[in-house]
Every structure is written in C-alpha cells, then in structure tokens.
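What follows is each chain in one-letter form.
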Amino acid sequence: MSDALILTLNAGSSSIKFAVYAQGDEPALHASGQVENLSPSQQTRLIVERDGGERAIDIDANDHAGALSSILGQAEHLFGGAKVTGVGHRVVHGGTDFVAPTVLDTDTIAALRTLEPLAPLHQPHNLDCVEAAITAFPGATQIACFDTAFHRTHPFVNDTFALPRKWFDEGVRRYGFHGLSYDFITSEMARTEPGLAGGRVVIAHLGNGASMCAVKDGRSVGSTMGFTALDGLPMGTRCGQIDPGVLLYMMQHKGMDANQIADLLYRQSGLKGLSGLTHDMRTLEQSDDPRAREAIDYFVFRIRRELGGMSAVLGGLDALIFTGGIGENSARVRREVCSGMDWLGITIDEAANAENVRDIGTDRVRVMVIPTNEELVMARAVNAALPAVH
Ligand code: ADP
C-alpha cells in the first residue's frame, strides 16, 4: 500500500461516513466505515469495513470532534503505518463562488459558514466536521467538494426563479444538489460508454434525498432541486416541489411560524408524511397499507413527470440512469417509472430489472442501473490536489 492515504468524510447531523484510499494515479479503496448515532442520547458506534470484514465498536463520542478522535483511535487498523496526507470533505453548498474542489482554510470556512441558512440540515455539520478534521489531522491538506458545483453549468433559465432580478443577484438561485453523485455517474459514462457520454442523459439519484439531473455533453443543464435540497422530487421526509401558496396559507391562516414549517417540510413530509408510516422505501414496499401504495405512486408519478420535462429540455433522450439506494435496489420503482414509456423509447427487460443488472433497457434508450460512489469523487479531487506519489 502507498505510504500516503486520503481520508474522505461525509458528515450528517448524527453520522459521519468515511473512506480511506491509498494515494496513487487513481485512488484505491483501503477501508471504509461510519460513526453512527452521534448524539448524547444514544450509544454511538464506530463501524469499520476492511478486507471484507467488519468491526463494530461502541464509542464515547457525541460530536464530530469526538467521532474523529475515535476514528484516530483505530489508526493502526485503518491506516497501518501510513500517513493521512489529504482529507476530502463533502460540503453540500458552495453557493455561486465555489465551483470546484477548494482548499479549506480560515477564510474559505468563514465564507462557507455564511451559506449555512441555505442548507440548514447539512452545511453546519459539514463545517463542524471540517474544523474537527483540521485538529485531528493537522498536517493534511483539507479539500471541500461541493454538491452544488456540478450544476454551475446550468443555463440561466434553470438557474433563476421568476422573481425580481435583485433576488437572483443576491444568490436566490436554483443551485441543484447531489453533484458528487452526478459527477461520478458522468465520469463512469465517459469511461465505459464513450458513445453515450456526449448524449442526452437523465440521471435519477433516488435515495433518502432524491433528485434528477438532465445532462448534455457530460454537463448539467437542469436539475430538480433548487435553492435548497427541498425542491423537486418527494423524498424520505422532504416534500419536494410545493405550491408556495401552501406556505402562505399555513402562516397566514394556521398560525404556523418558520420553524414549524421548516420541520414540516424537511422532516415530516415526503414518503413518511404521505404514508403516515415510514420514510423507508423498502419498508413501504413490504407494507399492505394502501397509504404506502399511494406514497410510492406519488414518488413514481413525480419522477415520470420530471423525466418527460427533462427529455423535452434535452430535445430527446439517449439514456436514463438509476442510482442511489432506491434507484440501485428497487426493481419495483424502476419498473413503475419505465412502465408505458415506450413513446419515449424506453422499455425494460423484467428479468434484468429484477436482478438490478447494469443494462435493463430493451429499446432505443439505454436504461441503466449504476451504483454511485461519491467518496471516490472526493478522493480523486484530493488526489489531484496533492503532490503525486511514485
Ligand atoms: P441517503 O440519501 O441517506 O444516502 P440511500 O441512497 O442510502 O440514502 O437510500 C436509502 C433508501 O434506499 C431507503 O429508502 C431504502 O429503503 C432504499 N432501499 C435500499 N435498499 C432497497 C431495496 N432493496 N429495495 C427498495 N428500497 C431500498
């Protein structure tokens, strides 16, 4: 193994997912894992996967700094004798200014803190983790990789709302998210499907967070997420697209304040709100409750609607790609999304779909299932920022 290692960190409110790569021409995965239940009221656990084996340890940590020192406590198992020379951080929001991976220092962290109101569920945790990592790995180059960056090629019409121009100038724009995932899928297409890489592609990233991206010539030309990660498709607990008049009604006639509405839209809606049962697609698929059926129906309906709209914007469609936990694993969602889409050139092979194989389309449009790998995108960005190792 290389003496120089890259650590990638993806911090959520109560978890940190991480991966360790050996630096090289292409980063090579060495270990991965996560710290889960990162809150004072729960038993926090560190899970490390290496060489096909898994190690789970109860740890005493209730913030990101504590979690990183627990990861360091496993240094021998995770890093061997090698040194972490670079750390890649997933940072959800880069605003208008951060359009590429960026070295994190006091100034860039301060600038990114100002974007916290635009991604309140993610950005503060991402940056808390950055600060903890600078303390834990003081000699390492720290790089931010932005979920918004991939979409900065959006044309104006997909970047704006029909509000007075001053709002656009102040940064009230449609940023789009899940950029690391879309970056990975397009790089995979360029590597393995050069004939399609210049084509008209819709990527559906369907997980607890869900969005779709229209890609032409390998660049984003449209996405379903907007100013925040609330817009577009319904998600595990987020509502997706909603008439803003509903929010006015809640404020003006139901006495709800901003915090109550934020909780409703971010945490109580989506699959969870519609089903009244759970945010989890696998559980919904196993349920006999008609509300579970309706929640899945709505999810599928919105994906189909966006697929039609994006195909129109792209001037046709050459490939539809499913990724994310639901996109990669739910044969039912893929089947229902593709059902009756032969007018667009989409039909799928039922047996191939049931097996989650890579190519499931049987007509003109390639329909593919490609597992995403956001960690590798971060590791590549760090690799590119570090001096080469030989
Ligand atoms: P996150 O956005 O948190 O990274 P994931 O990409 O891990 O989310 O996706 C989680 C979603 O994937 C959950 O709704 C889960 O139920 C769903 N999922 C995972 N495996 C399956 C499966 N075999 N069938 C249906 N849904 C699945």
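Residues numbered from 1 in each chain as written. Predicted model: local features only at pLDDT ≥ 70, side-chain atom pairs only at ≥ 80, totals over all residues. Heavy atoms only, no water.

### Some words on the site of the ligand
Link 1 in the chain: Among the 13 residues in the neighbourhood of the ligand, the closest are listed as Asn-208, Asp-280, Met-281, Arg-282 and Gly-325.
Link 2 in the chain: In this structure, Gly-209 approaches the ligand through a main-chain N or O atom, which is 3.3 Å from an oxygen atom.
Link 3 in the chain: Interatomic distance of 3.0 Å between a backbone N/O atom of Met-281 and an oxygen atom of the ligand.
Link 4 in the chain: Residue assignment for the shell around the ligand shows that the elements contributing at least two residues are helix H12 (281-286) and helix H14 (324-329).
Link 5 in the chain: Among the elements that line the shell around the ligand, the one with the most residues is H14, at four residues. (Near = heavy atom within 4 Å. Polar contact = N/O pair within 3.5 Å; in protein donor to acceptor, adjacent residues only side chain to side chain. Helix = DSSP H or I, 4+ residues; strand = E, 2+ residues; numbered from the N terminus.)

### Section: the sheet that holds strand E6 (residues 83-91)
Link 1 in the chain: With mixed pairing, eight strands are arranged side by side in an open sheet as E5-E4-E3-E2-E1-E6-E8-E7. Of all the strands in the sheet, just strand E5 (53-59) and strand E7 (102-103) have a single pairing partner and so form its edges.
Link 2 in the chain: Relative to strand E8 (residues 141-146), E7 runs antiparallel, the two being bridged by two bridges. Counterpart to Thr-102 in the pairing with E8 is Ala-144. (Pairing = 2+ DSSP bridges.)

### Observations concerning the nonpolar core
Link 1 in the chain: In this structure, Leu-206, Phe-299, Leu-307, Val-333 and Ile-346 are the most contacted members of the largest nonpolar core, which totals 54 residues.
Link 2 in the chain: Ranked by residue count, the leading element in this core is helix H13 (residues 290-314), at nine residues.
Link 3 in the chain: Ignoring anything within four residues of it in the chain, the contact list for Leu-206 reads Leu-233, Phe-299, Ile-303, Phe-322, Thr-323, Gly-324, Gly-325, Ile-326, Gly-327 and Val-333. (Core = buried A, V, L, I, M, F, W, Y, C linked by side-chain atoms within 4.5 Å. Buried < 20%, exposed > 50% of the residue type's maximum accessible area, 1.4 Å probe, protein only. Contact = heavy atoms within 4.5 Å.)

### What about the packing of aromatic side chains?
Link 1 in the chain: Within the structure shown, the criterion is met by six aromatic pairs.
Link 2 in the chain: Between Phe-150 and Tyr-182, the ring centres sit 6.4 Å apart and the planes meet at 35°, which makes this aromatic pair tilted. Here Phe-150 is found in the loop between E8 and helix H5 (156-159), whereas its partner Tyr-182 is found in helix H7 (residues 179-192), with 32 residues between them in sequence. The pair formed by Phe-150 and Tyr-182 is uniform in burial state, with each residue classed as buried.
Link 3 in the chain: Pairing Phe-156 with Phe-168 gives two aromatic rings, centres 5.2 Å apart and planes at 70°, and the pair type is edge-to-face. Linking Phe-156 in helix H5 with Phe-168 in helix H6 (residues 165-169), this pair joins segments that are 12 residues apart in sequence.
Link 4 in the chain: Here Phe-156 falls in the partly exposed class, since its relative accessible area comes to 39%. (Phe/Tyr/Trp six-rings, centres within 6.5 Å; stacked < 30°, edge-to-face > 60°.)

### Details of unusual backbone geometry
Note on backbone geometry: most residues besides glycine have negative phi, and most peptide bonds are trans.
Link 1 in the chain: Located in the positive-phi region is Asn-37, a residue other than glycine, with phi close to 60°.
Link 2 in the chain: A positive phi angle, near 55°, is found at Asp-51, a position not held by glycine.
Link 3 in the chain: Here Asp-51 is to be found in the loop between strand E4 (44-50) and E5.
Link 4 in the chain: Look at Asp-51 and you get exposed, because its relative accessible area is 64%.

### Overview of the pattern of salt bridges
Link 1 in the chain: One pass over the structure, following the stated rule, counts 22 salt bridges.
Link 2 in the chain: Via salt bridges that share partners, Arg-113, Glu-116, Asp-128 and Glu-131 belong to a single interconnected network. (Salt bridge = Lys/Arg side-chain N within 4 Å of Asp/Glu carboxyl O.)

### Some details on the sheet that holds strand E9 (residues 200-206)
Link 1 in the chain: If you trace the five strands from one edge of the open sheet to the other, you get E11-E10-E9-E12-E13, paired in mixed fashion. Each of the sheet's edge strands pairs with one partner strand only, and the pair in question is strand E11 (219-223) and strand E13 (366-369). The mean inter-strand angle of the sheet, taken between neighbouring strand axes irrespective of direction, is 25°.
Link 2 in the chain: Sheet strands touched by helix H15 (residues 331-338): E9, strand E12 (319-323) and E13. Its angle to E12, the strand with the most contacts, is close to 155°. (Axes fitted to C-alpha atoms, helices over the stretch in contact; angles between N-to-C directions.)

### Considering the state of the cysteines
Link 1 in the chain: Following the criterion strictly, the structure yields zero disulfides and no others.
Link 2 in the chain: For Cys-145, which is in no disulfide, the shortest distance to another cysteine sulfur is to Cys-129 and amounts to 13 Å.
Link 3 in the chain: Here Cys-213 is not cross-linked by a disulfide; its sulfur's nearest cysteine counterpart is in Cys-145, at 17 Å. (Disulfide = S-S within 2.5 Å.)

All we've got here are geometric facts, nothing functional implied.
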